[in-house]
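# Commentary on secondary and tertiary structure
What follows is each chain in one-letter form.
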Amino acid sequence: MQATSETFEDLRKDFPILNRRVRDDKKLVYLDNAATTQKPNQVIDAITNYYKNHNSNIHRAVHALAEESTEAFEATRDKVAKFLNVKDSREIVFIRGTTEGINLVSYAWGRDNVKEGDIIVTTEYEHHSNIVPWQLLTQEKKAQLKYIDIDNNGELIMEQLDDYLNTGKVKLVTFSHMSNVLGTISPVKEIISKCRSAGVKVLIDGAQSVPHMKVDLTDLDSDFYVFSGHKMLGPTGVGVLWAKKEILEKMSPFLAGGDMIREVHKYETTWNDLPYKFEAGTPNIADVIGFAKAIEYLEKIGMDNIRNHELELTKYALEKMKKIPGITLYGTKEPEKRGGVISFNFNDVHPHDVGTIIDKEGVAIRSGHHCAQVLMEKLNVAATNRASFYIYNTKEEIDVLISSLQHVAKVFKL
Amino acid sequence: MSGDPIYTEMIIEYSRNPSNYGKLENPQITRHDSNPLCGDSIDLYLNINDNRISDVKFDGKGCAICMACSSVLTEMIKGKDLSDVKKFQKDELLSELGLEHLIKTSPVRIKCALLSLKALKYGIYSYFAEKMNDIESAGNLKEEASNLY
């Protein structure tokens, strides 16, 4: 499908919240999509419809509702697999979100495979969710946590990865496909190929990539990949862990309880097949079913079209912002190397003050450390402002962002 | 944007030129506190002589509201008797800067406004407990600090 800016403009009608007025009757300009995206009617209606017409627990009872719910739930698993070009949908594990996925791997895989003296490698631009679980694991195991630093352009210094791999002690390299602060797209294939040669496992945090670009997991060939549904039009509380079947089969369970068991006796239990071994308890059925509609919606537009739309918005915004005196932009200057995320500071005005002042104009951005304090330390700032784009954003909205920054200048007499 | 309910002349001025900004040499009390969500982070330094706050400074990074409130708080407590300081309430600080409305309008930004007061209450709580053996005041201060926002 050839998508034009009119196509993208047109799909705004599917998002009721975008008609909202906020504060002093200002039109909402929602630019906090890296935190969570808005939901189209298709997703909202699917959840309502599920509760109105099909609500039931899954995988157990034989009645009509249970069958319908189970079918819709499992159909979503197949849809996710197809969306990511995963051949076997048993490799798709539903979880609450990226954070839970990384914790699942650090707990269930990490505790069996990481020993004293081993090294886990992460990067300076990770979200806390890809740092803290590894701190806990390496502290417990007396292993070491190492960082690939970033250069002045906000890109990973790949020689450091080589040095770590050369020690022969690395068990896992874990990094985000795209930085949630700088927007930098990691050299995923290069990292994976280096790790393959060294026999090292790879985990990719796809929270910021799967919503915005075509991701083909068969082609990438990592070992683990995790992401969240709510950053890609889906409901909160749904995420996906993908891992190769042979790894999942060998892994110990994470949470224990219903649905993850085959047979339970007084003192021993055998585990259920994949993926159910990792889906203890009643899952988030309604939201998983709603998530299917989010994927359908994105597929209809086409992931390459989405990437191009965001690239265009990012170029436009960067051009405009560069011209504002007192703006500091973080991350690479080459738009092709980044996603639709722009972190910036405005003179010495604290990002919270910027956020509050432009919020009065209806502009929603994120101010703070973005759960990336290691990166903030590196950039030597307490916080940044972050504008992040999605399919429904327009150039006109970026103009509103730019003019709202002039209010900040006025208030702070810059 | 004249008449902005938050960014008054006074707040902007204090954020540009905070009062009592810096470190004390060998302070008797040092208290660090931060707001994990927004990243405001300050250190409060206090010296106490004859049960009076003989000197006070603060430093750190924060938004305009945080800097202005920390400045005004240090101005208000400098030279004051500890028996008065322990009774100091958030309304006194907020009204000094015309920010009382934040309690109702902005549960997020109120944390910026009250961070320094939280540091103060926690800072003098152990002084009351250890140096003055006033367990009751110490207990009250600790409870007030933890319930401030």
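Just so it is clear, the model here is predicted, and its values are computed rather than measured.

### What about the sheet that holds strand 9 (residues 224–228) of chain A?
Residues and elements named next belong to chain A. The seven strands lie next to each other as 4-10-9-8-7-5-6, forming an open sheet whose pairing is mixed. Whereas interior strands pair on both sides, the edge strands pair on one side only; in this sheet they are strand 4 (92–95) and strand 6 (144–148). Averaged over all pairs of adjacent strands, the angle between strand axes in this sheet comes to 20 degrees, irrespective of strand direction. Relative to strand 10 (residues 239–243), strand 9 runs antiparallel, the two sharing five bridges. Looking across to strand 10, one finds that Tyr-225 is bridged to Trp-242. In this fold helix 6 (residues 158–166) packs onto strand 5 (119–123), strand 6 and strand 7 (170–176), with an angle of close to 155 degrees to the strand it touches most, strand 6.

### What about the interface of chain A and chain B?
A common way to state how big an interface is: give the accessible area lost once the parts meet. Counting residues at the interface gives 20 residues for chain A, matched by 21 residues for chain B. When the buried surface of chain A facing chain B is broken down by residue, His352(A), Val411(A) and Phe412(A) rank first, second and third, together holding 30% of it. Applying the counting rule to chain A against chain B returns four salt bridges. Between Glu9(B) and Lys413(A) there is a salt bridge; the shortest N-O distance is 3.0 Å. Connecting chain A to chain B are eight residue pairs in polar contact (both at pLDDT 80 or more). A per-element tally of the side of chain A that touches chain B places helix 12 (residues 351–359) of chain A first, with four residues. Grouping the constituent residues of the side of chain A that touches chain B by class yields seven nonpolar, seven polar and six charged.

### What to know about the pairing of strand 6 of chain A
All names here are of chain A. One ladder, built from five bridges, connects strand 5 with strand 6; its direction is parallel. Note on strand 6: the bridge partner recorded for Ile-119 is Gln-144. Read as a crossover between parallel neighbours, the route from strand 5 over helix 5 (residues 132–141) to strand 6 is right-handed.

### Considerations on the layout of surface pockets
Reported here for the largest pocket is a volume of approximately 890 Å³. As for the largest pocket, its lining consists of 32 residues, and the residues nearest its centre are Arg23(A), Gly355(A), Thr356(A), Asp359(A) and Ser106(B). Elements supplying a minimum of two residues to the lining of the largest pocket: helix 12, strand 15 (363–364) and strand 16 (366–368) of chain A together with helix 5 (102–105) and helix 6 (109–130) of chain B. It is helix 12 of chain A that contributes the most residues to the lining of the largest pocket, five residues altogether. Reported here for the second largest pocket is a volume of approximately 460 Å³. Those elements that provide at least two residues to the lining of the second largest pocket are helix 12 of chain A together with helix 1 (9–16), strand 3 (52–61) and helix 2 (64–77) of chain B. A class-by-class count of the residues in the lining of the second largest pocket yields twelve nonpolar, eight polar and four charged.

### Examining the nonpolar core
Counting residues in each nonpolar core, the largest one holds 77 residues, and the members touching the most others are Val173(A) and Ile391(A). The biggest single contributor to this core is helix 10 (residues 285–301) of chain A, with ten residues. Apart from the residues within four sequence positions on either side, Ile391(A) is in contact with Phe8(A), Leu11(A), Phe15(A), Leu233(A), Tyr297(A), Ile301(A), Ile306(A), His309(A) and Glu310(A). The next biggest cluster of nonpolar side chains, apart from the first, holds 74 residues, and it includes Leu313(A), Phe88(B), Ile110(B) and Leu141(B).

### A few points about the side chain of Thr314(A)
All names here are of chain A. Note that Thr-314 resides in helix 11 (residues 303–322). For Thr-314, a relative accessible area of 1% gives the class buried. What Thr-314 contacts, discounting residues up to four positions off in sequence, is Arg-338, Gly-339, Gly-340, Ile-342 and Phe-389.

### Concerning the pattern of salt bridges
Residue and element names in this part refer to chain A. In this structure the tally under the stated criterion is 40 salt bridges over all chains. When the shortest N-O distance is used, the salt bridge between Arg-196 and Asp-221 registers 3.3 Å. With a gap of 25 residues between them, Arg-196 in helix 7 (residues 188–198) and Asp-221 in the loop between helix 8 (217–220) and strand 9 connect regions that are remote in the sequence. Classification of Asp-221 by relative accessible area gives partly exposed; the value is 29%.

### What to know about the packing of helix 1 of chain B against helix 2 of chain B
Residue and element names in this part refer to chain B. At a minimum axis separation of 8 Å, helix 1 and helix 2 run at an interaxial angle of 85 degrees. Relative to helix 2, the element helix 1 lies roughly perpendicular. Only Ala-64, Ile-65, Met-67, Ala-68, Ser-71, Val-72 and Glu-75 of helix 2 make contact with helix 1, whose side of the interface consists of Ile-11, Tyr-14 and Ser-15. Of the residues in the contact of helix 1 with helix 2, the class split is seven nonpolar, two polar and one charged.

Quick notes on the rules
Residues numbered from 1 in each chain as written. Chains lettered and ligands numbered in written order. Predicted model: local features only at pLDDT ≥ 70, side-chain atom pairs only at ≥ 80, totals over all residues. Heavy atoms only, no water. Pairing = 2+ DSSP bridges. Helix = DSSP H or I, 4+ residues; strand = E, 2+ residues; numbered from the N terminus. Axes fitted to C-alpha atoms, helices over the stretch in contact; angles between N-to-C directions. Contact = heavy atoms within 4.5 Å. Buried area = accessible area lost by both parts, 1.4 Å probe. Salt bridge = Lys/Arg side-chain N within 4 Å of Asp/Glu carboxyl O. Polar contact = N/O pair within 3.5 Å; in protein donor to acceptor, adjacent residues only side chain to side chain. Nonpolar A, V, L, I, M, F, W, Y, C, P; charged D, E, K, R; others polar. Right-handed = clockwise from strand over helix to strand, strands pointing away. 1 Å grid on protein atoms, 1.4 Å probe; cavity = no way out; pocket = protein on both sides within 12 Å on 5 of 7 lines; lining within 4 Å. Points joined across faces, edges and corners; volume = space filled by probe spheres on them. Core = buried A, V, L, I, M, F, W, Y, C linked by side-chain atoms within 4.5 Å. Buried < 20%, exposed > 50% of the residue type's maximum accessible area, 1.4 Å probe, protein only. Parallel < 35°, antiparallel > 145°, perpendicular 65-115°, else oblique.

Worth remembering: the numbers are spatial, not functional.
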